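Spelled out, the chains give:
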2 protein chains.
Amino acid sequence: MKLYDLGPSGNCYKVRLFAALADIELERVAVDFANGAHKKPPLSELNPLGQLPILDDGGHIVRDSQAILVYLAGTYGGLAWWPEHARGQAEIVQWLSFAANEIQHSLCAARLVEKFGYPLDKAAALAKAPTVLGVLDAHLQANDWLAMGRPTIADCAVYPYVVLAPEGDVDLTPYSHVARWIERLEALPGYLPRP
Amino acid sequence: MKLYDLGPSGNCYKVRLFAALADIELERVAVDFANGAHKKPPLSELNPLGQLPILDDGGHIVRDSQAILVYLAGTYGGLAWWPEHARGQAEIVQWLSFAANEIQHSLCAARLVEKFGYPLDKAAALAKAPTVLGVLDAHLQANDWLAMGRPTIADCAVYPYVVLAPEGDVDLTPYSHVARWIERLEALPGYLPRP
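Residues numbered from 1 in each chain as written. Chains lettered and ligands numbered in written order. Predicted model: local features only at pLDDT ≥ 70, side-chain atom pairs only at ≥ 80, totals over all residues. Heavy atoms only, no water.

### Points about the pairing of strand E1 (residues 2-5) of chain A
Residue and element names in this part refer to chain A.
(1) Moving on: Pairing of E1 with strand E2 (residues 27-30) involves 4 bridges; the strand directions are parallel. When the bridges of E2 are listed, tyrosine 4 appears paired with valine 29.
(2) Moving on: Handedness of the E1-helix H1 (residues 10-21)-E2 crossover: right-handed.
(3) Moving on: Across 3 bridges, the pairing between E1 and strand E3 (residues 54-57) is antiparallel. What sits directly across from leucine 3, in E3, is leucine 55. (Pairing = 2+ DSSP bridges. Helix = DSSP H or I, 4+ residues; strand = E, 2+ residues; numbered from the N terminus. Right-handed = clockwise from strand over helix to strand, strands pointing away.)

Pasting the structure below:
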């Protein structure tokens, strides 16, 4: 099973982190991002959005980091990380949307500007960060994990750009419950260190 | 089962549309959005992000339109709209992320500025629209529906802000495959007209 991958990408790290925690073997294929290989064939045929990661499981292609987490967890991860019942799945999808929308356009966007020079509005991204982190911190004050009272793919989708947020000049120190959740996640067996 | 609802919201319409198509009864609770009721208790306790829609199923709360679609489809919709197997679920989640990220920050954002005066960057939102609609059009050239060869919650998550895009000054006429998909969706039994 191949993962078209980029080392510094938090979206790719979501998948590598989950695969490590769930002991799923992935063959990493490094993509020549600097030369735009992700925006040209053959990769643009696998993901017309021109984004990474992309999963190739024996010819079955899955794009989008959240969808890849669902695919890997549901197919190879057992029921611990992605349950069979819709109530638990919806509880997790709340956080997958939070990762795709709120986190992507705040913590992740600020890092893309600061670290990789993307032409995005860093001030607008930073302005959203206190709300995003405040909601997360309040949730983690009352819960050890994001969903279902245990580690799930929700944590794998949200953790990467939170822990990488200081690279976009976001200060995590006010968020003590987030800090303890980061410690809990990093103590899980199989944890893969962040890029 | 209560839906905290706002008539003109495309995110609320996703849920009302799906409930109509799947014949699920919802009690609509109109929220006093103009006076910020969604950002104050008791609603801000149900959804600390201060967003609508919110579902209350006998005290079980689900926030986020994509998560509500998963909850309703998986709990009350039978297997037609949200399958049991992870391969199909992941195929759908690709489009739920597309709705939460790419569509929210292009077609939806432009409409929020134009129709409701939100302080967002309309030019940046409009600049993303051709890519978003181009990817969608190319997919629909080869597929009648977004996922699994049949109507699913993926279509319910993506259709609302596409069909409402002209309200944000987005021109849909170049996208003929999108136009035919809109016709197919609007011909489904139970279709609920857009706001």
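### Let's talk about the relation of the copies chain A and chain B
(1) Moving on: Under the fitted operation, chain A is carried onto chain B by 0.0 Å of movement along the axis and a turn of 180°, and the coordinates agree to an RMSD of 0.0 Å. Such values leave the two copies arranged in the relation of a two-fold axis. Rotation axis and chain A: the residue whose C-alpha lies nearest the axis is asparagine 101 of chain A, separated from it by 2.4 Å.
(2) Moving on: Comparing interface residues between copies, 100% of those in chain A also sit at the interface in chain B, which points to an isologous, same-surface contact. (Least-squares fit on C-alpha atoms with pLDDT ≥ 70 in both. Contact = heavy atoms within 4.5 Å.)

### Brief notes about helix H3 (residues 65-76) of chain B
(1) Moving on: In this model H3 of chain B runs 16 Å from its N-terminal to its C-terminal C-alpha over 12 residues, within 8% of the 16 Å that 1.5 Å per residue would give.
(2) Moving on: In terms of burial, H3 of chain B is a largely internal element, 9 of the 12 residues being buried.
(3) Moving on: When we look at burial in H3 of chain B, the residues that qualify are Ser65, Gln66, Ala67, Ile68, Leu69, Val70, Tyr71, Leu72 and Ala73 of chain B.
(4) Moving on: The inward-facing, buried residues of H3 of chain B contact helix H4 (86-116) of chain A together with helix H1 (10-21), strand E3 (54-57), strand E4 (60-63), helix H4 (86-116) and helix H6 (153-163) of chain B.
(5) Moving on: Taken from the residues just after H3 of chain B, glycine 78 of chain B is the one with a positive phi, measuring 70°. (Expected span 1.5 Å × (residues − 1). Buried < 20%, exposed > 50% of the residue type's maximum accessible area, 1.4 Å probe, protein only.)

### Re the packing of helix H6 (residues 153-163) of chain A against helix H7 (residues 176-186) of chain A
The description of two packed helices rests on the angle between their axes and on the distance between the axes.
Residue and element names in this part refer to chain A.
(1) Moving on: H7 packs onto H6 with a crossing angle of 115° between their chain directions and a minimal axis gap of 11 Å. H7 is crossed by H6, and the crossing has left-handed handedness. Taking contact as the criterion, the partners of Asp155, Val158, Tyr159, Val162 and Val163 in H6 are, on H7, Val178, Trp181, Ile182, Leu185 and Glu186.
(2) Moving on: Within the contact of H6 with H7, the residues separate by chemical class into 8 nonpolar, no polar and 2 charged. (Axes fitted to C-alpha atoms, helices over the stretch in contact; angles between N-to-C directions. Left-handed = near helix turned anticlockwise from the far one by under 90°. Nonpolar A, V, L, I, M, F, W, Y, C, P; charged D, E, K, R; others polar.)

### Points about the sheet that holds strand E4 (residues 60-63) of chain A
Residues and elements named next belong to chain A.
(1) Moving on: With mixed pairing, 4 strands are arranged side by side in an open sheet as E2-E1-E3-E4. The outermost strands of the open sheet, each flanked by one partner alone, are E2 and E4. Each adjacent strand pair in this sheet contributes to an overall mean axis angle of 20°, direction not counted.
(2) Moving on: Docked against the sheet, H1 engages E1 and E2, running at close to 150° with respect to E1.

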